[in-house]
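Below are the chains, spelled out letter by letter.
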Amino acid sequence: MHMEEGPATGIRLERKGGVARLILDHPPLNVLGHGLRQAMFAHVRTLESCDDIHVVVIESAVAAAFSVGSDLREFPQDELGGIAKIRFEQYLLDHLAGLPQIVVAKLGGFVLGGGAEIMLACDLRVAGRMARFGFPEIRVGALPAAGGIKRLMQDVGPVRARQLVLSGRPIAADEALAIGLVTEVVDDDALEARVEDIVAELMAQPHDGLRLAKRCLRAALPATAIDTAEADAFGALYRGDNLREGVAAFLEKRPPRFNRPTADRQDGGTEMSGGNRG
């Protein structure tokens, strides 16, 4: 087995035979900081040129979560910073989705926010029955803008996408299967074995056929300008106070006070510093 560490801790790439494993390992919940995402991008770029790798499995070494999303301590302070953050994350996930290999997500525990957006960039998604999925960004005044809205619309349709994005409510694995968010649900203790079976099935298929089939399936998706719309919308959140208030409330472990009148905000808003995820 060949193992490569990323330029930052929290993720590693393992290769054995024609299979690569991209393993999130940032306890306790695989919070996604900028350094971890940069490391992931480096691994994805490596895989783009690996003709001897035919299947990629993305998984977590942490039992409690695949990933709960972004580190709120790293949220930018202004609109330009917000747009730059989202554009990089879109670029990363577009490259992940565009890998020539078949990408299988092994999903256990919490799959939330930016973690769920990683899942959406994978071709096949196998979940443990106790997994929970959601896009809670709206609850801190943010949006799943790193391709989450685009891929949700493609995968589950507008009605369910609206429900997930506008409510921020997490759903169980069986509901995720019913709406087409995941490919398959198995008992948690059978998850690893089922993923291994799927990998074996894929490895037995003609490798050139798999790559060409994936290319055609991607080409069949409608062209969209949603990436720009997502980035613009995320940047626009910085022109108001709700995003700052939502992040501050999360970090301070209190309910957010959204939509306050101007007279109640004479302190000039809350700076984004300290805290954890979203």
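Not measured: the values here are computed from a predicted model.

Cut-offs and rules
- Residues numbered from 1 in each chain as written.
- Predicted model: local features only at pLDDT ≥ 70, side-chain atom pairs only at ≥ 80, totals over all residues.
- Heavy atoms only, no water.
- Helix = DSSP H or I, 4+ residues; strand = E, 2+ residues; numbered from the N terminus.
- Rg over C-alpha atoms; globule rule 2.2 N^0.38 Å.
- Buried < 20%, exposed > 50% of the residue type's maximum accessible area, 1.4 Å probe, protein only.
- Contact = heavy atoms within 4.5 Å.
- Areas by Shrake-Rupley, 256 points an atom, 1.4 Å probe, with all protein chains shown as cover.
- Axes fitted to C-alpha atoms, helices over the stretch in contact; angles between N-to-C directions.
- Parallel < 35°, antiparallel > 145°, perpendicular 65-115°, else oblique.
- Expected span 1.5 Å × (residues − 1).
- Pairing = 2+ DSSP bridges.
- pLDDT = per-residue confidence, 0-100.

Trainee: Would you take a moment to explain the overall build of the chain for this structure?
Mentor: Scanning the chain from N- to C-terminus turns up nine helices and 13 strands. Here the chain has a C-alpha radius of gyration of 19 Å; the compact-globule value for 278 residues is 19 Å, and the two agree. Based on the C-alpha atoms only, the size of the chain along its principal axes is roughly 65 × 40 × 40 Å. Across the 278 residues in the chain, those meeting the buried criterion constitute 49%. Across the chain, every contact between residues at least 6 apart in sequence was considered, and the portion connecting residues at least 24 apart equals 73%. Carbon and sulfur atoms form 56% of the exposed surface of the chain, whose accessible area is close to 12,500 Å².

Trainee: In this structure, what is going on with the packing of helix α4 (residues 148-167) against helix α8 (residues 226-236)? I would like to understand it.
Mentor: The description of two helices packed together rests on the angle between their axes and the distance between the axes. Relative to each other, α4 and α8 sit at 135°, their axes nearing to 8 Å. Considering the angle they form, α4 stands oblique to α8. Where α4 abuts α8, its residues G148, I149 and K150 lie against I226, D227 and E230.

Trainee: Honestly, helix α1 (residues 34-48) in this entry has me stumped. Any pointers?
Mentor: Count 3.6 residues to each turn of an α-helix, and residues three or four apart come out pointing the same way. If you check α1, its first and last C-alpha atoms are 21 Å apart, about what 15 residues at 1.5 Å a residue would give, namely 21 Å. Looking at α1, one finds that the buried residues are L36, R37, A39, M40, F41, H43, V44 and L47.

Trainee: What exactly am I supposed to notice about the pairing of strand β2 (residues 11-16) here?
Mentor: Among the six residues in β2, five count as buried, and that is most of the element. Sheet analysis places β2 next to strand β3 (residues 19-24), joined by six bridges and oriented antiparallel. Bridging across to β3, R12 finds its partner in I23. Counting the residues between successive antiparallel strands, the hairpin from β2 to β3 contains two residues, one of them, G17, with a positive phi of roughly 60°.

Trainee: Even after reading the chapter, I still don't get the confidence of the model for the chain, so can you show me in this structure?
Mentor: Detail in the predicted coordinates should be disregarded across regions flagged by low pLDDT. Here the chain averages 91 in pLDDT, while 90% of its residues score no lower than 70. Between residues 268-275, whose pLDDT stays under 50, and residues either more than four places distant or in other chains, the model counts 19 contacts.

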